[in-house]
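# Examining the three-dimensional arrangement
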Amino acid sequence: MSLLQTTKLTKYFGETHAVDAVDFTVQEGEVLALIGSNGAGKTSLVNVISGLLSADSGRIVFRDSDVTAQSVHDRITAGIARSFQLVNLFDQLTLLDNLALSIFSRQGMTRHFWTLAERHRAVWQEAFEILRQFGLESKATILAGGISQGERKLLDVAVAYALRPRLLFLDEPTSGVGTREKAPIMDIVTSIVRSQNITAVVIEHDMDIVFKYSDRIVVMHQGKILADGSPDEIRRNEAVTTTLIGTAHA
Amino acid sequence: MSTVAVQLEVRSSIKALAVGAVLSGLLVVLPFGIDPYQTILLSYGLVMAIAALGHNLLLGYTGLLSFGHSAFFGVGAYAVAFMVKYLHVQSMELFMMGALAASLITALLFGFVCVRYTRIFFSILTLALSQVLWSLAYKFYWVTGGSDGLRVPTPKLLGVSLPSGEDKINFLAHSYYYYVLVLFLACTFVMWVIVNSPFGKALQAIRDNETRARFVGIQIRRYRLVAFLVSGVFTGIAGALWVPLNGLTTPDILYWPFSGEIVFMSVLGGFHNFTGPITGAIVFNYLKTYAVGFTVYWQAFMGVILVVLVVALPQGIVGTAIQLTAWARKRFFR
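Residues numbered from 1 in each chain as written. Chains lettered and ligands numbered in written order. Predicted model: local features only at pLDDT ≥ 70, side-chain atom pairs only at ≥ 80, totals over all residues.

### Structural notes on the overall build of chain B
- The number of helices and strands found in chain B is 16 helices and two strands.
- Computed over the C-alpha atoms, the radius of gyration of chain B is 20 Å, within 12% of the 20 Å expected from 2.2 N^0.38 for a compact globule of 334 residues.
- Principal-axis analysis of the C-alpha atoms gives chain B an extent of 65 × 45 × 40 Å.
- Summarising the internal contacts of chain B: among those between residues at least 6 apart in sequence, 78% fall at separations of at least 24. (Helix = DSSP H or I, 4+ residues; strand = E, 2+ residues; numbered from the N terminus. Rg over C-alpha atoms; globule rule 2.2 N^0.38 Å. Contact = placed C-beta atoms within 7 Å.)

Have a look at this one:
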């Protein structure tokens, strides 16, 4: 059953066809890897689907509802969340605060100006529990600006996860971290996503990560979808190996 | 859950309320220990502290630097003056309601335009709009009194007017001081709840990272507008409380240097913490008063202080005090 479907989705930047009439489908419950060389249109596609950029044309249908013209807020309410390639956190707030904000927002409580945030113990307990799931509980009271890059990447995903989305876009969750940190980050993220039955779309450049953790792979090239299939099918796809993977996995 | 418990304990509001209660008690007894002139100066400081608290909701908590808060202060003051001149109102409570409504409407109009922008664009827009009000107050002299301004006599407090024969200085240093103090404490408490509420957290999120705030579902413009309204109303209340103290309102309080003074207060006290603007406003008021009496070059004196502050104490008085306390604790009580 498809959770998300785009039809002829298009985004141009001047003469550049960043997303060129893309038909893209995400099935419920899968971990899908979106790969392609730099400038292939992966992040642009996610930006358009998540609402950061507006589509020039085409449709986005999420859970049988057309969300193409919806605001970011409405898409989040519908169940779409995302993390960012360049980590986006609230650096002057603690890790707990970062997560609590997602929870307050999810519960429609960020409008409450008449109660003290600290009184909502259930929110803080949930925030702490999520930090524990992501292995960040020991840093709960540290400012987000003061933790390592790998931890920031995890927190970025955790903030999106705290919205309890149906569909989670992870834009290069291991970029900028050391080689040794990549697998532990992906282990944590994929185990949480799978255990909570969240559908995830992961943009990733590291092919070891892609082939190890994804159920399905979609390859983009010059704004279009070049290939779509299981990791084995993609590994054997000649067009993909020629344009993207080269000889490393061929 | 032990870490959460520790976290909640650290954040406990009891400590803050206890400190607040002690300081409030001190402010209550202070007029008995200082002369009336000093008490009136303190009243001015408390009034400006309300304005600075309002301003800092935008600067410190939402990340928006307004250079136009003189507009709300002036609207509050002129609302009182108009009520005296055209409606012959004498009640301070009616003045407060009139000022609140006038500043709310002004903040709504200004905010509708300004919150669409951030950084320098927001600052310049607030500055420009406040100057429109200043020019109106200056040019429409048959309504506003022009540069002569409008006089505001001693108001009735809770329906009680100044007894005949009572000295106005005595009134301002006692009855009016306590009136200001009660409103100052109420405003401080309300603002403290706001900045520590989920809404206050959302404002801090917007300040830190607008994109991420958007992607946790916060509707940025709407939240900024609400913060702008609250900020404007607080500053308008300050304007209304200020005008009976001063006895006169002139276009000077709508002019941009007055907005600069409110910014100065936040920076002086430290806009990264809640009590910074309060401290800054009170200290600024004393500094300015004594600098004016000390030298004709008082603006230069204040300018030097501002430069020193930005270069040497970017955290402001309260921020620096907190840092020094933390350093001393680490150094001597380890």
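### Things to note about the pairing of strand E4 (residues 57-62) of chain A
All names here are of chain A.
- Pairing between strand E1 (residues 2-13) and E4: five bridges, direction antiparallel. Bridge pairing in E4 links leucine 4 to phenylalanine 62.
- Between E4 and strand E5 (residues 65-66), which pair antiparallel in sequence order, lie two residues; one of them, arginine 63, sits at a positive phi of approximately 50°. (Pairing = 2+ DSSP bridges.)

### Section: the interface of chain B and chain A
- Listed by partner, the interface residues are 28 residues for chain B and 37 residues for chain A.
- Looking at the side of chain B that touches chain A, the elements with two or more residues in it are helix H1 (2-10), helix H9 (175-195), helix H10 (198-208) and helix H11 (210-214) of chain B.
- Among the elements that line the side of chain B that touches chain A, the one with the most residues is H10(B), at eight residues.
- Within the side of chain B that touches chain A, the residues separate by chemical class into 12 nonpolar, 11 polar and five charged. (Nonpolar A, V, L, I, M, F, W, Y, C, P; charged D, E, K, R; others polar.)

### Remarks on the nonpolar core
- In this structure, A:Leu99, A:Leu131, A:Ala158 and B:Val80 are the most contacted members of the largest nonpolar core, which totals 174 residues.
- Every residue in contact with B:Val80, bar those within four places of it in the chain, is listed here: B:Phe95, B:Gly98, B:Ala99, B:Val152, B:Ala240 and B:Val243. (Core = buried A, V, L, I, M, F, W, Y, C linked by C-beta atoms within 7 Å. Buried ≥ 20, exposed ≤ 12 C-beta atoms within 10 Å, placed from the backbone.)

### Digging into the environment of A:Asp187
- Counting through the fold element by element, A:Asp187 comes out in helix H6 (residues 179-195).
- Put simply, A:Asp187 and A:Ile209 are 22 residues apart on the chain and 9.9 Å apart in space, counted from C-alpha to C-alpha.

### A short note on the environment of B:Tyr176
Residue and element names in this part refer to chain B.
- Checked against the element boundaries, tyrosine 176 lands in helix H9.
- Classification of tyrosine 176 by C-beta neighbours within 10 Å gives buried; the count is 23.
- Through-space distance from the C-alpha of tyrosine 176 to that of proline 244 is 9.0 Å; in sequence the pair is 68 residues apart.
- In this view, tyrosine 176 contacts Ser43, Leu157, Phe171 and Pro244; residues no more than four positions away in its chain are not counted.

### A few points about the packing of helix H3 (residues 36-62) of chain B against helix H13 (residues 256-269) of chain B
All names here are of chain B.
- For the pair H3 and H13, interaxial distance at closest approach is 9 Å and the crossing angle is 80°. Relative to H13, the element H3 lies roughly perpendicular. Listed contacts from H13 to Met48, Ala51, Ala52, His55, Asn56, Leu59 and Gly60 of H3 are Ile262, Met265 and Ser266.
- Here the residues of the contact of H3 with H13 sort into six nonpolar, four polar and no charged. (Axes fitted to C-alpha atoms, helices over the stretch in contact; angles between N-to-C directions. Parallel < 35°, antiparallel > 145°, perpendicular 65-115°, else oblique.)

### Quick notes on the sheet that holds strand E10 (residues 224-229) of chain A
Residues and elements named next belong to chain A.
- If you walk across this open sheet you meet the six strands as E6-E7-E8-E3-E9-E10, and the pairing is mixed. Because the sheet does not close on itself, it has two edges, and the strands there are strand E6 (80-82) and E10. Across the sheet, the mean angle from the axis of one strand to that of its neighbour is 20°, orientation sign disregarded.
- The sheet contact formed by E6 and strand E7 (residues 167-171) spans three bridges and is parallel. In the sheet register, isoleucine 80 faces E7, and the bridge partner there is leucine 167.
- The strands that helix H1 (residues 42-50) touches are strand E3 (31-35), E6, E7, strand E8 (199-203) and strand E9 (216-221); relative to E7, the one it contacts most, it runs at about 145°.

### Considerations on the sheet that holds E1(A)
Residues and elements named next belong to chain A.
- Strands sit in the order E2-E1-E4-E5 across an open sheet of four strands; the sheet is antiparallel. The open sheet has two edge strands, strand E2 (16-27) and E5, and neither has a second partner.
- Where H1 meets the sheet, its contacts fall on E1, E2 and E4, and the angle it forms with E2 comes to roughly 65°.

### Some remarks on helix H2 (residues 13-29) of chain B
- Helix length check: H2(B) (17 residues) gives 25 Å between terminal C-alpha atoms against 24 Å at 1.5 Å per residue, within 8%.
- Little of H2(B) sits inside the fold, with zero of its 17 residues counted as buried. (Expected span 1.5 Å × (residues − 1).)

### A short note on the pairing of E2(A)
Residues and elements named next belong to chain A.
- Judged from the eight bridges that link them, E1 and E2 form a sheet pairing that is antiparallel. Among the inter-strand pairings, tyrosine 12 is bridged to a residue of E2, identified as histidine 17.
- Once E1 ends, the chain turns through two residues before running back antiparallel as E2, passing glycine 14 with a positive phi of about 65°.

### Section: the packing of helix H14 (residues 276-294) of chain B against helix H15 (residues 298-312) of chain B
Residue and element names in this part refer to chain B.
- The geometry of H14 relative to H15 is characterised by a closest axis approach of 8 Å and an angle of 140° between their N-to-C directions. Relative to H15, H14 is oriented oblique. Of the two elements, H14 crosses H15, and the hand of that crossing is right-handed. Every residue of H15 that contacts H14 at Leu287, Lys288, Ala291 and Val292 is listed here: Trp298, Phe301, Met302 and Ile305. (Left-handed = near helix turned anticlockwise from the far one by under 90°.)

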